[in-house]
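# Examination of the molecular architecture
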Amino acid sequence: MTGGQTHDGPMSVPIIARQVAAEGAVRIAVVTDEPEKYSHVSGMPGGTTIRHRNDLDAVQRELRATKGLTILIYDQTCAAEKRRRRKHGRYPDPPKRLFINDLVCEGCGDCSAKSNCIAVKPLETEFGRKRRIDQSDCNKDFSCLEGFCPSFVTVHGATPRRQIAAANGQMPDLPDPETAAIKDPFNILVTGIGGTGVVTIGALLGMAAHLDGKFVTVLDNTGLAQKNGSVSSHVRISAERNALGGGRIGAGTTDLLLACDMVVAASDDMLSRLSAERTMGVINHNISPTAAFVHNGAIDLSAALETRSLRQRILPGSRFLRAGELATRLMGDSVAVNLFLTGFAWQSGQIPLSRGALERAIELNGVAVRASLDAFRWGRLAAHDMSAIEAVLGEAPARGERLVPDLDEMVEQREGELVAYQDRAYADRYLALVVLARGAESARLGKPAEFTHAVAWNFYKLLAYKDEYEVARLYTDGRFEQALRDAFENDAKIQFHLAPPLLARRDRSTGLLRKRSFGPWMMPVFRLLAKLKRLRGTIFDPFGYQAERRQERAMADHYETRIRELCTMFADIEVADAVTIARRPESIAGFGHVKARAIHAAQSLAPQPAPSGDLAGGPVDQHKEAV
């Protein structure tokens, strides 16, 4: 798992195992994502065990309890190397993809915790931050599937949509711009993250400069592809050999900033190389989550701070554009963003190289030539006429950026969802509490504000808990199937991964329930289950007797009582305290034991003991102490 580096001499798992056995290991265990391949492997020392990586924790516990020297060999190809090899057709590419039904997803982040994978990206929706799989970044490791959540499905035999815009007609011929004059030298700073082709952009610019008969140096600083590590490429172009000097761009001497990732571009090291009097910027305004997102799903992903820092260090005519979103929608692949930006910068006259040299360099690179040329040309069109891009793409999808819904729109939307969830009376229960909160806050402040918004958001969250009936509805109301059609080009067989009551088994080492796989025959089952929603909470509800379901209903009842009490005394309490209590459920997300941990954490915020289902702790007349 050390990446694509070569090593001296022969090396294999059997050789390593025999060596450590000869050195005195009393127990050798191999853990791998492909245990089946060892059925034909010979030369392993006697007693060596082969286990799937899902058993890693159990294997470590067994080795810990074994006296003497024990050896654990983890055999798995580097995930980033898998992706590189697949692009070149040198590694098996299983016809299997993961897809997340974001309507079912709770945004708890357990999938990120289980996989530690950057391909699990945030998805901002009208119901809060969820998760999605970036098919361009996915290494088909599938470890995120271990997250305890029913929103994951595997899609077999389908391919992600590519060339989405190509079907909308031929790209028009564009006039060549007047290119920037070469200074001695002309410095281009390309910034991005590992594994997205930043180094390739530097190489293409270098080759294009060579083809144009110019002198060039290219210096790359590479990062960790699996952790969104920072990468930069320093490209220096000159008409005179002696003018190049060192390969690194000096402080304040950048002429063009190609910011494929603005978080990297706004780092102290990169900012020091920019100048408000000299540097023109072409900047991707879409933020790629940093590695910290894996551990903190609530991290701020807005671009305000980075935008402010960059604007202070670049020329006023610089361009910020949502290149990540545009390139992905146009090409069906987020990797296209770098060449899209390059095309945009060239058409803007910011790159002192000929179009013929750049396109020839892309051809000489020999990797996804057609798609790369298309990305470059779409970027050119975006610079020439952005309205033409908008006409091709049509209306942007409602999802993908931080959504802060208008209060009335949010309430109306959630009202409709609750009618579908249960019935009209259930929705009226929600509306009654929101109206009460609105009235209390308006009487105090003159208008509804944070308290009303918090009640509208969180009471819905508690009422619309995702039990078996609701998960079934969210798979069969048409939105999931439409999302699949939007994401993949052809029909495919889907497989669900669930932990249904009575059927799910527990992990031997952790004691937690583990999911099982179910075929497409689950869709008819889901349709039947969705129709039985009226059993929810009644004596005939076979799922309602679970402790988890009882606790969910208790939390909604308690929250409603708590908010009603706050509204009766709203004129005499601190508004900030009331808002804090109203927002307490925001941190509760997930399913099963994941949700149980979140509930415990929310309750532990209150210093006073709370009954089952209590979210705030203590009686209302002690609300300050509870907060």
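Structural data are supplied above this passage.
Glancing now at the side chain of threonine 32. Note on placement: threonine 32 falls in strand S1 (residues 27–32). Apart from the residues within four sequence positions on either side, threonine 32 is in contact with Lys37, Tyr38, Ile50, Arg51, His52, Arg53 and Asp75.

With that settled, consider the pairing of strand S7 (residues 152–156). Most of S7 sits inside the fold, with 4 of its 5 residues counted as buried. Bridge count between strand S4 (residues 96–100) and S7: 5 bridges; the pairing is antiparallel. Across the sheet, residue leucine 98 finds its bridge partner in S7, namely threonine 154. Alignment of S7 against strand S14 (residues 493–498), held across 4 bridges, turns out to be antiparallel. Bridge pairing in S14 links threonine 154 to glutamine 495.

Moving on to helix H12 (residues 355–365). Turning to H12, its buried residues are Ala357, Leu358, Glu359, Ala361 and Ile362. On its buried face, H12 sits against helix H5 (198–211), helix H11 (337–347) and helix H13 (369–384). Backbone geometry just downstream of H12 places glycine 366 in the positive-phi region, at approximately 75°.

Another aspect to go through is the packing of aromatic side chains. With the rule as written, the count across this model stands at 16 aromatic pairs. Centroid distance phenylalanine 127 to tyrosine 460: 5.9 Å. Interplanar angle 25°. Geometry classified as stacked. Of the two residues, phenylalanine 127 is situated in the loop between strand S5 (120–125) and strand S6 (128–133) and tyrosine 460 in helix H17 (residues 450–463); the sequence distance between them amounts to 333 residues. The class for phenylalanine 127 is buried, based on a relative accessible area of 17%. The buried category is assigned to tyrosine 460, whose relative accessible area is 10%.

Ile188, Leu205, Leu258 and Phe340 are the most contacted members of the largest nonpolar core, which totals 45 residues. The dominant element in this core, judged by the number of residues it contributes, is H11, at 7 residues. In this structure phenylalanine 340 touches Leu321, Ala323, Leu326, Ala327, Leu330, Ala375, Trp378, Gly379 and Ala382, once residues within four positions along its chain are discounted. Counting 41 residues, the second largest nonpolar core, distinct from the first, contains Tyr421, Leu431, Ala578 and Ala602.

Moving on, we get to the pattern of salt bridges. Evaluation of the coordinates by the stated rule reveals 44 salt bridges. Aspartate 93 is paired through a salt bridge with arginine 86; the nearest N and O atoms lie 3.9 Å apart. Residue aspartate 93 is classed as partly exposed on the basis of its relative accessible area, which comes to 43%. Taking the shortest distance from any N to any O, the salt bridge between arginine 514 and glutamate 146 comes out at 3.4 Å. Of this pair, arginine 514 sits in strand S16 (residues 513–514) while glutamate 146 sits in the loop between S6 and S7, placing them 368 residues apart in sequence. Among the residues examined, arginine 514 registers a relative accessible area of 26% and is labelled partly exposed. Here glutamate 146 falls in the partly exposed class, since its relative accessible area comes to 34%. Bridged by salt links that share partners, the residues Asp176, Arg355, Glu359, Arg377 and Arg380 form one connected network.

Here we come to the sheet that holds strand S3 (residues 70–75). Strands sit in the order S2-S1-S3 across an open sheet of 3 strands; the sheet is parallel. Two strands lie at the open edges of the sheet, namely strand S2 (49–52) and S3, each paired on one side alone. Adjacent strand axes in the sheet meet at a mean angle of 25°, parallel and antiparallel pairs treated alike. Direction of pairing for S1 relative to S3: parallel, over a ladder of 6 bridges. Note on S3: the bridge partner recorded for valine 30 is isoleucine 73. Seen against the sheet, helix H1 (residues 13–22) touches S1 and S3 and runs at an angle of roughly 170° to S3. The sheet contacts of helix H2 (residues 56–64) involve S1, S2 and S3, and relative to S3 the element is tilted by about 165°.

Cut-offs used in this document
- Residues numbered from 1 in each chain as written.
- Predicted model: local features only at pLDDT ≥ 70, side-chain atom pairs only at ≥ 80, totals over all residues.
- Heavy atoms only, no water.
- Helix = DSSP H or I, 4+ residues; strand = E, 2+ residues; numbered from the N terminus.
- Contact = heavy atoms within 4.5 Å.
- Buried < 20%, exposed > 50% of the residue type's maximum accessible area, 1.4 Å probe, protein only.
- Pairing = 2+ DSSP bridges.
- Phe/Tyr/Trp six-rings, centres within 6.5 Å; stacked < 30°, edge-to-face > 60°.
- Core = buried A, V, L, I, M, F, W, Y, C linked by side-chain atoms within 4.5 Å.
- Salt bridge = Lys/Arg side-chain N within 4 Å of Asp/Glu carboxyl O.
- Axes fitted to C-alpha atoms, helices over the stretch in contact; angles between N-to-C directions.

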